[in-house]
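Structural features, examined
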Amino acid sequence: MAHLPVVLLALASFATAGPALRPRQAITSLSAAQIAAYKPYTFYAAAGYCEPATTLAWDCGANCEANPGFQPVASGGDGDATQFWFVGADTKLGTVIVSHQGTDPSQILALVTDSDFFLDSLSPTLFPGLSSSIEVHNGFANEQAKTAPQVLAAVQTALSQFSLKKVTIVGHSLGGAISLIDSVYLPLHITGVTFQTIVYGLPRVGNQAFADYASIGSTVTHINNKEDIVPILPGMFLGFHHPTGEIHIQDSLAWDTCPGEDNESDLCSTGDVPNIFEGDESDHDGPYDSVLMASSC
Ligand SMILES: *[C@@H]1O[C@H](CO)[C@@H](O)[C@H](O)[C@H]1NC(C)=O
């Protein structure tokens, strides 16, 4: 991974060069077909809330029935000390799916607003070769570490069992944070496949170096619903930043792509929700194109 510091240096100098040198990208609305293409992944994120026994049997109700061809490989977690997760294959979409359970608004808000958290480097054992300047919320890092080796083994099994070359990592809320850390973790251990990450109601997970690293290759999409307050927490003044790849669902239900990191346009979360008083935690669970998180298992 010797080339990575060079990439990060390049990104850092790019950032300090100022907005004038950023690619000029407009905020654009997705077409109905583009919105619809996210829906299978939205159901996979919602299914992350279901008991592991039901996702392993792919019999978890509406969230499973929405993707009838899914072939489960492994599942785990207890929904208490460890968030639920599952891994399997969707051969129609041509990808291994990794899904992590989220949590309800009050619990995620406690995690991102209590005073106990801090930014910390990722474990060199789980993240060999990763620069120690990359730091994440210690609570999110702990959650990811609890399931990391099992998820990695299941992804390797699924890739070989179904001869797939792609991995898609999904999750909502805390599950989105775990998935974003997985998006850094899994490629350090698996080569020769492409990765994409599609998460919903994502809090800010790490520092600027983490956000820049997670933005490399533009493989991350984070979809935020209306005035959800979770995506603006923890605050940037605490050193937390989002990677690129935000899609913001407007009150009009348009899905708009937000260029850059933490775009301050009022069409994007950071600009639309300038402080927690202007946010609405009831927007956190969706609906994301009619799919409601958390409530459907
Ligand atoms: C936000 O989006 C606008 C497009 O409307 C773009 O010009 C601007 O550079 C973006 N901001 C950031 C911080 O990337």
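Relevant structure appears above.
Reference entry: report on the structure contained in this document. This is a predicted model, so every value here is computed, not measured. (Residues numbered from 1 in each chain as written. Predicted model: local features only at pLDDT ≥ 70, side-chain atom pairs only at ≥ 80, totals over all residues. Heavy atoms only, no water.)

**Regarding the state of the cysteines**
We count it as follows: In plain terms, two cysteine sulfur atoms within 2.5 Å form what is called a disulfide here. Note on conventions: DSSP H or I runs of at least 4 residues are helices, E runs of at least 2 residues are strands, and numbering of each starts at the N terminus. Buried residues are those whose accessible area, probed at 1.4 Å on protein chains only, stays under 20% of the maximum for their type, while exposed residues exceed 50% and partly exposed ones sit between those limits.
Within this structure, the stated rule accounts for 3 disulfides. Between the sulfur of Cys50 and that of Cys297 lies a disulfide, 1.9 Å long from S to S. Disulfide Cys50 to Cys297: torsion about the S-S bond roughly -70°, handedness left-handed. Of the two residues, Cys50 is situated in the loop between helix H2 (32-47) and helix H3 (52-56) and Cys297 in the segment after helix H9 (269-272); the sequence distance between them amounts to 247 residues. When its relative accessible area of 3% is taken as the criterion, Cys50 is described as buried. There is a disulfide in this structure between Cys258 and Cys268, and the S-S distance comes to 2.1 Å. Here the S-S torsion is close to -100°, and the disulfide linking Cys258 with Cys268 is therefore left-handed. Separated by 10 residues along the polypeptide, Cys258 in strand E11 (residues 255-258) and Cys268 in the loop between E11 and H9 bring together distant segments of the chain. The two residues Cys258 and Cys268 agree in class, both being buried. Once the disulfide-bonded cysteines of the protein are ranked by sequence position, their pairing pattern turns out to be 1-6, 2-3, 4-5.

**Here we look at the nonpolar core**
Rule in force here: The definition of a nonpolar core used throughout is a set of buried Ala, Val, Leu, Ile, Met, Phe, Trp, Tyr and Cys residues joined through side-chain atoms within 4.5 Å. By the convention used here, residues are in contact when the closest approach between their heavy atoms is within 4.5 Å.
One finds Val87, Phe127, Val155, Val167, Leu186 and Val205 to be the most contacted residues of the largest nonpolar core, which totals 53 residues. Mapped onto this core, the elements with two or more residues apiece are strand E3 (85-90), strand E4 (95-100), helix H5 (105-113), helix H6 (138-161), strand E7 (166-172), helix H7 (174-185), strand E8 (194-200) and helix H8 (208-215). Here the element with the most residues in this core is H6; it accounts for 9 residues. What Val87 contacts, discounting residues up to four positions off in sequence, is Phe70, Pro72, Val73, Ala74, Val96, Ile97, Val98, Val151, Ala154, Val155 and Ala158. Membership of the second largest hydrophobic core comes to 27 residues, among which are Val170, Ile198, Ile223 and Ile249.

**Overview of the sheet that holds strand E10 (residues 246-249)**
Remark on secondary structure: sheet strands pair via backbone hydrogen bonds, oriented parallel or antiparallel. Counted only if it meets this: Pairing between strands is defined by DSSP: at least two bridges between them are needed. Helix axes use the C-alpha atoms of the stretch in contact, all axes being lines fitted to C-alpha atoms, and the angles between their N-to-C directions lie in the range 0 to 180 degrees.
Across the sheet, 9 strands lie side by side as E1-E11-E10-E9-E8-E7-E4-E3-E2; this open sheet has mixed pairing. For this open sheet the edge positions go to strand E1 (28-29) and strand E2 (71-76), each flanked by a neighbour on one side alone. Across 5 bridges, the pairing between E4 and E7 is parallel. Bridge pairing in E7 places Ser99 opposite Val170. H2 contacts E1, E3, E4, E7, E8, strand E9 (220-225), E10 and E11 of the sheet and is inclined by roughly 80° relative to E8.

**Re the packing of H7 against H8**
We count it as follows: Throughout, the term roughly parallel applies to angles under 35 degrees, roughly antiparallel to angles over 145, roughly perpendicular to angles from 65 to 115, and oblique to all others. Two helices crossing with the near one rotated counterclockwise from the far one by less than a right angle form a left-handed crossing, whereas a clockwise rotation gives a right-handed crossing. In this count, Pro and Cys sit with the nonpolar residues alongside Ala, Val, Leu, Ile, Met, Phe, Trp and Tyr, while Asp, Glu, Lys and Arg are called charged and the others, Gly among them, polar.
Their axes nearest at 10 Å, the elements H7 and H8 cross at an angle of 70°. Considering the angle they form, H7 stands roughly perpendicular to H8. Crossing geometry of H7 relative to H8 is assigned as left-handed. Between H7 and H8, the residues in contact are Leu180, Ile181 and Val184 and Phe210, Tyr213 and Ala214, respectively. Residues belonging to the contact of H7 with H8 are distributed by class as follows: 6 nonpolar, no polar and no charged.

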